[in-house]
Amino acid sequence: MPNILAVRRGGAIVPPLVAAVAILGCIALAVTQHYLLFLFAALFTLLVMGVPIAISLAGSCLLYVLLTGRVPDVVVMHRMINGVDSFPLLAIPFFILAGNLMNNGGITVRIFDFAKALMGWMRGGLGHVNVGASIVFSGMSGAAVADAGGLGTIEIKAMKDAGYDEEFSVGITAASSTIGPIIPPSLPMVIYGVMASVSVGQLFVAGLVPGLLMGLVLMAMITIISRRRGYTRDAVFSFPVLGHTFKRAFLSLLTPVIIVGGIMSGAFTPTEAAIAAVVYALVLGGVVYRSLTWRRLLKVSMETIETTAVILLIVAGASIFAWILTSNQVTQHVVTLLGPFADNPIATLIIINLVLILVGCFMETIAAITILVPVLLPVAITAGVDPVHFGVIMVLNLMIGLLTPPVGMVLYVLSRVSGISFEKCMRGTLPFLVPLVIALLLVTFIPAISLWLPTLIYR
């Protein structure tokens, strides 16, 4: 499997003339000493020219520091190092490795077979199986693109072979993969927890019910579409088949139980749970199922190293960007700007959701969280929003952003692994944005959906 977490569309996303105008705009802002506007303009220009986001973040910040001359340029490196110098971030490489081991150790196939035996009898059966398998796999990987690139390959092929429209197959695969970072474990929530100084364990627990809610609303949409298009059932419910597939998948199904149960019971910290997941995946793939060879293990390890490096570079670059925003009191300006809405949490949350949806269309999740948490979290707290609740809202918003162009990381991954054009992937995904937005609104305006379980366990 390719390094799907690092996949991005190469090349500029705007015509050369537009890029040239953006460059001239940056020069004009620098000459007129509008340095903060120059920072944003430089970042935007680099991104639309196709420069990788980590380099765009660090490069625009370095140019800002050199132009202003307020601090030595070595501060950029120091801030980047401090940005990744955090113990909770150790969970990231281990959760990535665990997800890669699951995909390469024969575990995803067993999960899919069990989900088909459990849910295939419903109208539009493989669509429901798609969602069910993603819910189970989300308790192992913590990344939407890992779900899309690993489990999605199996799901799309099975649905196309069963006669489902390829746009429908890709659309529900893309939408269901966004459940991955909501149900624990979750890489974006680890980043948010570090940036917001919030318990990662509480964030993990807070995402459980919203993740299941996302699955339910997606299944409702599958039922509606299946009735309209005449999709039938894909399997006859059979207790013997269910028992057989459950037996084959039982040890695999224990993985989310170990991770989530260990965190909720206090037996593991999130980082320790990630290490336990890796050890368990190694035992399953290498000893029990014997499908994980030394060659595959080396390949998985190299993919994990590369992906971890990409993510941490983005975190490091975004950390210096966030530091510049904070030192220039951008957060205070935003709080002042939204001051009239401070007494109205509903209006504040609507504005924040719109901002997050817009940013999610143009920026990758990790960078968006690292940059926006210092800016938006104080606004949310001022409006009386719990930081844990806000974390779930932010991650859910940015997951929807994974399904929207021009970034649309999940769409690019599915287009690559399925051989279906990006445009078809986008068209197939559009109907499933409706249930995801409904889930987002419910999670946003009914805090108990996110906070009930953490309150029950931690407070």
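Analysis parameters
Residues numbered from 1 in each chain as written. Predicted model: local features only at pLDDT ≥ 70, side-chain atom pairs only at ≥ 80, totals over all residues. Heavy atoms only, no water. UniProt positions renumbered as here; feature names shortened; annotations may be inferred. pLDDT = per-residue confidence, 0-100. Helix = DSSP H or I, 4+ residues; strand = E, 2+ residues; numbered from the N terminus. Contact = heavy atoms within 4.5 Å. Domains from an automatic or database assignment. Core = buried A, V, L, I, M, F, W, Y, C linked by side-chain atoms within 4.5 Å. Buried < 20%, exposed > 50% of the residue type's maximum accessible area, 1.4 Å probe, protein only. Phe/Tyr/Trp six-rings, centres within 6.5 Å; stacked < 30°, edge-to-face > 60°. Lys NZ or Arg CZ within 6 Å of the ring centre and 35° of its normal. Axes fitted to C-alpha atoms, helices over the stretch in contact; angles between N-to-C directions. Parallel < 35°, antiparallel > 145°, perpendicular 65-115°, else oblique. Left-handed = near helix turned anticlockwise from the far one by under 90°. Nonpolar A, V, L, I, M, F, W, Y, C, P; charged D, E, K, R; others polar.

By the naming in an unreviewed UniProt entry, the protein chain goes by TRAP transporter large permease protein and is assigned to Vreelandella sedimenti. For the record of the protein chain, the UniProt heading Function (unreviewed entry) holds the text "Part of the tripartite ATP-independent periplasmic (TRAP) transport system." Taken directly from UniProt, the Subunit (unreviewed entry) text for the protein chain runs: "The complex comprises the extracytoplasmic solute receptor protein and the two transmembrane proteins."

Peer 1: Whenever I open this one, the confidence of the model for the protein chain confuses me. Can you help?
Peer 2: Detailed reading of the predicted model is not advised wherever pLDDT is low. For the protein chain, per-residue confidence averages 83 on the pLDDT scale, and residues scoring 70 or more make up 93% of the total. Element-level pLDDT for the protein chain is lowest in helix H16 (residues 330-337), with a mean of 72, against a maximum mean of 93 in helix H19 (residues 387-401). Throughout residues 1-12 the model reports pLDDT below 50, and contacts reaching past four residues in sequence, or to other chains, amount to 41 contacts.

Peer 1: Whenever I open this one, the domain arrangement of the protein chain confuses me. Can you help?
Peer 2: Interfaces are frequently sized by the accessible area removed from exposure as the parts join. Looking at the assigned domains, one finds that the protein chain contains domain 1 (14-82) and domain 2 (87-307). The C-alpha centroid of domain 2 is placed 38 Å from the C-alpha centroid of domain 1.

Peer 1: Even after reading the chapter, I still don't get the nonpolar core, so can you show me in this structure?
Peer 2: The nonpolar side chains of soluble globular proteins are, as a tendency, buried together. Ranked by internal contacts, the top residues of the largest apolar core, which has 138 residues, are Tyr-192, Phe-390, Met-394 and Phe-432. Sorting elements by how many residues they give to this core places helix H18 (residues 365-382) first, with 12 residues. Two domains each donate at least three residues to this core, and these are domain 1 (14-82) and domain 2 (87-307).

Peer 1: Looking at this structure, I do not really get the packing of aromatic side chains. What am I missing?
Peer 2: Two aromatic rings, taken as a pair, are described by how far apart their centres are and by the angle between their planes. Scanning all chains against the criterion turns up 10 aromatic pairs. Their ring planes at 50° and their centres at 5.6 Å tell us that Phe-114 and Phe-246 sit as a pair that is tilted. On the criterion of sequence distance, the pair formed by Phe-114 in helix H6 (residues 107-119) and Phe-246 in helix H13 (residues 239-265) is long-range, its members being 132 residues apart. Classification of Phe-114 by relative accessible area gives buried; the value is 13%. Since its relative accessible area comes to 37%, Phe-246 is described here as partly exposed. Here the aromatic cluster, defined as three or more aromatic residues joined through ring pairs, consists of Tyr-164, Phe-168, Tyr-231 and Phe-432. The ring of Tyr-289 is capped by Arg-110, whose NZ or CZ atom sits 3.6 Å from the centre of that ring.

Peer 1: What's the story with the packing of H18 against H19 in this structure? I'm lost.
Peer 2: Packed helices, taken two at a time, are described by their axes: the angle between them and the distance between them. Interaxial distance between H18 and H19 falls to 11 Å at its minimum, and their mutual angle equals 140°. Taken as axis vectors, H18 and H19 run oblique relative to one another. In the crossing of H18 with H19, the sense of the turn from one axis to the other is right-handed. Mapping the contact onto sequence places Thr-365, Ala-368, Ile-369, Leu-372, Val-373, Leu-376, Leu-377, Ala-380 and Ile-381 in H18 and Pro-387, Phe-390, Met-394, Val-395, Leu-398 and Met-399 in H19. The residue inventory of the contact of H18 with H19, partitioned by class, reads 14 nonpolar, one polar and no charged.

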